[in-house]
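Geometric and topological summary
Listed below are the residues making up each chain.
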Amino acid sequence: MQPFFTRLFFILLLLSTSISWAQPDSWETARKNKAATIDLYWYVSSPFIFQNTDNTLTGIEYELMEGFAQFVNDKYDVKLTLNWIEGDGFKGTYERIKKSQQSGDFGISAFSITDQRKQDVLFSKSYMMDVAVLVSSNEIPVIQSEEEFKKVFEGLTAVSVRGTTYEKGLNDLQQQLGISFHINNIPSDQTVLDGLLSGVGNFAYIDLPLYLIGLKDNPTSPIIRQNLYPMKGQGYGMIMPKNSDWKAIIDEYLNSAYFESIQSDIIERYLENDIYELIKSISSDSNVNADELIILLNKEKEIQNKLLLERALELQENNIIQYVLIVSIIGALLGLIIFYRLYKGKEAAVSNLQSHKEKVELQQNKIEQANAELLTLNEEKNNLIRVLAHDLRSPINQVAGLAEILLMDKAKLSKEQIEIIQQVINSSNRLREMISKILDVDAIESRELNVKLNPIHLNKIFAELHGEYDTIAENKHIKLNFKIDEELSIMGDEVFVNQILDNLISNAIKFSNANSTVVLKAIDVGDKVEIQVADKGPGFTPEDQKKMFKKYQRLSAQPTGGEQSTGLGLSIVKMFTELMGGTISFDSKVGMGTTFKLQFNKS
């Protein structure tokens, strides 16, 4: 029996030794041995960590940790082996790290940093903002107030994953509003979107990047975003046991120039550049502010409009004869009704015309709804206008033309009839201008702007702009000084030139203090004409100057009268200027003001 027990002793000794070898290493051990193995417990959370079709791991956090291994090797000459171990669900992975005594254990599953979790585990520095939005099935209307939210959501079923910030946010929402709803925790290998689509619940919290990716993949999804109660966390990070000595080195990596050089490329591979830029634009404050909600709404609208335009163009190609017939009938009917009522000259003309206009509006609404169903798009009226805008111009011109013909014989018309005819003409002109602007928006989205260069007399444009902004400037006690050396003219597209100067003058007034002067002038500079717009506002900081011509940029300067700013104006100015062969530059000093300089070819 003794040889048997001797062999058993050596086998147990060997097993215990191999187990000790398999344990992950501390950073202190890694520095001494110039090599280390760390265990990375992961659970799927696309696009942060997931498996490809060939079962290889990929995702944002996978690549960030691969970059960490490279950083440690390059700076400290430590060869780091990453041992990826699939965890038992999201909560199971968290609990594994919480209870671990091994310094070299990490948890990887898009963990949101919270004060409560910091009591259980160590977090790395955040590598990206953590924002969650409340979404619901489209059977639930978009809620506009807290009282309406309480009525609608009382007794509904929410979808969540146990142990996540989603679940905590839902519990906090019940406590905050004093309402009760059921929380259906689905398995952690499913997403809350899967749960909503399969009908196991009515609403849920979801990470903003996942929501925007889903919206891009399917803009007509039956899932909608509720505008209330967004949830902003402290960011995403990797977790470690409380006794880990790896936090300092991984934070050093996340603060390094090397990480900064790879961060954007890694994240944009999985989130796309525009979504990542949106996430970066959200501040680190604890609450989502109004400006950030506006930026999010603009991004949703941009994604939806892109698909709307593609679908509308495709449908227009397939059904052009049907649309032309509908538009022609409506236009002819509208023209005949207006012409007949005005020609009769009865006192009841106004009420009859209003009745017919309401009928036409009702008919137009029905047409918009029918087209929205064909396009499988939302019910917004602007979408139908985009599709029909070209064809609507003809009947509108006919209506305006018939009204102008009636106005030629003023002697036979009463004062009331003349006013009605003039109102029809004015309304037709405003509608025509509105359609043109809509077409310009579509052209911008499709990047196929039709630029027509013609001689433009600047005196006329300066006079119109002065008349338009004189009252606005006077209300802010700002003086307008518009001057031109002589009768100068340029080659350009009048619509674009007007929009460029309108943006620059509007910004100058918006950001100028009371008792200051806004200057608009044009000077001869050889074969060019230079237009300058100068103000005595706050000026642009060096950081602002790097991003001032990009879309949706939030600059440090604030409007002096509480006006709103979308961050689009200067990007449009630069684009229109360059489309017309012009150049734009500026001189700016903080606290001294800014002068924008536009140069165009002489006509």
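Residues numbered from 1 in each chain as written. Predicted model: local features only at pLDDT ≥ 70, side-chain atom pairs only at ≥ 80, totals over all residues. Heavy atoms only, no water.

**Describing the sheet that holds strand β18 (residues 528-535)**
Applied cut-off: Strands are labelled as partners when DSSP assigns at least two bridges between them. Under the scheme used here, helices are H or I runs from DSSP no shorter than 4 residues and strands are E runs no shorter than 2 residues, and both carry numbers assigned from the N terminus. Every angle, taken between N-to-C directions, lies between 0 and 180 degrees, and every axis is a line fitted to C-alpha atoms, over only the stretch in contact when it is a helix. Note on definitions: a residue-residue contact is assigned when non-hydrogen atoms from the two residues lie within 4.5 Å.
On the basis of which strands lie adjacent, the open sheet formed by 5 strands has the order β15-β17-β18-β20-β19 and mixed pairing. Strand pairing shows two members of the sheet lacking a second neighbour, β15 (479-484) and β19 (583-589), which therefore form its edges. Taken pair by pair, the neighbouring strands of this sheet meet at an average axis angle of 15 degrees, ignoring direction. Pairing between β15 and strand β17 (residues 517-525): 6 bridges, direction parallel. Residue Asn481 lies in a different strand from β17, and its bridge partner there is Val519. In this fold helix α19 (residues 494-511) packs onto β15, β17, β18 and β20 (593-601), with an angle of close to 25 degrees to the strand it touches most, β18. With respect to the sheet, helix α21 (residues 569-579) is in contact with β19 and β20, its orientation differing from that of β19 by roughly 145 degrees.

**Concerning helix α18 (residues 458-475)**
Which entries qualify depends on this criterion: One less than the residue count of a helix, multiplied by 1.5 Å, gives the span that helix is expected to have. Each residue is placed in one exposure class: buried if its accessible area under a 1.4 Å probe, protein chains only, is under 20% of its type's maximum, exposed if it is over 50%, and partly exposed if it falls in between.
If you check α18, its first and last C-alpha atoms are 26 Å apart, about what 18 residues at 1.5 Å a residue would give, namely 26 Å. What α18 keeps buried is the set Leu458, Ile461, Phe462, Leu465, Tyr469 and Ala473. Packing partners of the buried residues in α18 comprise β14 (454-457), β15, β16 (489-492), α19, β17 and β18. His477 occupies a position one or two residues after α18 and carries a positive phi of about 60 degrees.

**Description of the side chain of Arg117**
The criterion, for reference: When charges are tallied, Lys and Arg are placed among the positive residues and Asp and Glu among the negative ones, while His and the ends of the chain are skipped. Here, a salt bridge means any side-chain nitrogen of Lys or Arg that lies within 4 Å of a carboxyl oxygen of Asp or Glu.
When you line up the elements, Arg117 lands in helix α5 (residues 115-118). Buried Arg117, no salt bridge; nearest opposite-charge side chain is Asp130, N-O distance 6.9 Å. Non-local contacts of Arg117, meaning those with residues more than four positions away in its chain, are made with Phe90, Tyr94, Phe111, Ser112, Phe123, Gly163, Thr164 and Thr165.

**Considering the packing of aromatic side chains**
Here is the rule we go by: Any two rings among Phe, Tyr and Trp, with Trp reduced to its six-membered ring, count as a pair given centres within 6.5 Å; such a pair is stacked if its planes are under 30 degrees apart, edge-to-face if over 60, and tilted if neither. Think of it as a cone above the ring: NZ of Lys or CZ of Arg counts as a charge over the ring if it is within 6 Å of the ring centre and within 35 degrees of the ring normal.
With the rule as written, the count across this model stands at 25 aromatic pairs. With centroids separated by 6.2 Å and ring planes inclined at 70 degrees, the aromatic side chains of Phe106 and Trp246 adopt a geometry described as edge-to-face. Pair noted here: Phe106 is in strand β5 (residues 105-112) and Trp246 is in the loop between β13 (236-240) and α10 (247-254), with a separation of 140 residues, a long-range link. Taking the relative accessible area as the measure of exposure, Trp246 reaches 0% and is therefore buried. Counting every residue linked through ring pairs, the aromatic cluster contains Trp27, Phe68, Phe71, Tyr76, Phe106, Trp246, Tyr253, Tyr258 and Phe259. The ring centre of Tyr94 lies 5.7 Å from the NZ or CZ of Arg117, which sits over that ring.

**Regarding the environment of Arg269**
Operational definition: In protein, a polar contact means a hydrogen-donor-capable atom and an acceptor-capable atom, both N or O and within 3.5 Å, with residues adjacent in sequence counting only if both atoms are side-chain atoms; elsewhere, any N or O pair within 3.5 Å suffices.
Mapping Arg269 onto the fold places it in helix α11 (residues 257-271). A distance of 2.5 Å separates a polar atom in the side chain of Arg269 from a polar atom in the side chain of Glu63.

**Focus on the nonpolar core**
In plain terms, the rule: To qualify as a nonpolar core, a set must consist of buried Ala, Val, Leu, Ile, Met, Phe, Trp, Tyr and Cys residues joined through side-chain atoms within 4.5 Å.
Ranked by size, the top nonpolar core spans 81 residues in total, and within it Met65, Phe68, Tyr127 and Trp246 carry the most contacts. Looking at this core, the element that brings in the most residues is helix α3 (residues 60-76), giving 8 residues. Not counting residues up to four positions away in its chain, the partners in contact with Phe68 are Ile38, Leu80, Trp246, Ile249, Ile250 and Tyr253. Residues Phe482, Val533, Leu570 and Ile584 belong to the second largest nonpolar core, which totals 36 residues.

**Brief notes about the confidence of the model for the protein**
Quick reminder of the rule: For every residue, the predictor assigns a confidence score, pLDDT, that lies between 0 and 100.
Per-residue pLDDT for the protein averages 80, and the proportion of residues at 70 or more is 75%. Highest mean pLDDT in the protein belongs to strand β6 (residues 122-123) (97); lowest belongs to helix α1 (residues 2-22) (49). This stretch, residues 13-22, has a pLDDT under 50; its non-local contacts, to residues over four places away or in other chains, come to 1 contact.

**Some details on the environment of Gly591**
As for its position among the elements, Gly591 is in the loop between β19 and β20. Using a relative accessible area of 55% as the deciding quantity, one classes Gly591 as exposed. Distance in space between the C-alpha atoms of Gly591 and Phe540 is 8.5 Å, their sequence separation being 51 residues. Excluding residues within four positions of it along the chain, Gly591 makes contact with Gly537, Pro538 and Gly539.

**Some thoughts on the pattern of salt bridges**
All chains considered together, the criterion is met by 16 salt bridges. Between Glu63 and Arg269 there is a salt bridge, with the nearest N and O atoms lying 2.5 Å from each other. Of this pair, Glu63 sits in helix α3 while Arg269 sits in helix α11; the two residues are 206 residues apart in sequence, bridging distant segments of the chain. In this structure Arg269 comes out as exposed when scored by relative accessible area, which is 52%.

**Topic: the pairing of β5**
With 8 of 8 residues buried, β5 lies mostly within the body of the structure. Note: strand β1 (residues 35-42) against β5, 4 bridges, orientation parallel. Across the sheet, Leu40 pairs through a bridge with Phe106, a residue of β5. With 3 bridges connecting them, β5 and β13 associate as antiparallel partners. Note on β13: the bridge partner recorded for Phe111 is Gly237.

**Focus: the sheet that holds β5**
Across the sheet, 5 strands lie side by side as β4-β1-β5-β13-β6; this open sheet has mixed pairing. Among the strands making up the open sheet, the edge pair consists of β4 (79-86) and β6. Helix-sheet contacts for α3 involve β1, β4, β5 and β13, and the interaxial angle to β4 is about 160 degrees.

**Details of the packing of α18 against α19**
Rules: Roughly parallel refers to an angle under 35 degrees, roughly antiparallel to one over 145, roughly perpendicular to one between 65 and 115, and oblique to any angle outside these ranges. Crossing handedness is defined as follows: a turn of the near helix away from the far one that is anticlockwise and smaller than a right angle gives a left-handed crossing, while the clockwise case is right-handed.
One way to put it is that α18 packs onto α19 with a least axis distance of 11 Å and a crossing angle of 30 degrees. Considering their axes alone, α18 and α19 lie roughly parallel with respect to each other. Relative to α19, α18 is oriented so that their crossing is right-handed. Here α18 contributes Lys460, Ile461, Phe462, Glu464, Leu465, Glu468, Tyr469, Ile472 and Ala473 to the contact with α19, which in turn contributes Glu494, Val497, Asn498, Leu501, Asp502, Ile505, Ser506 and Ile509.

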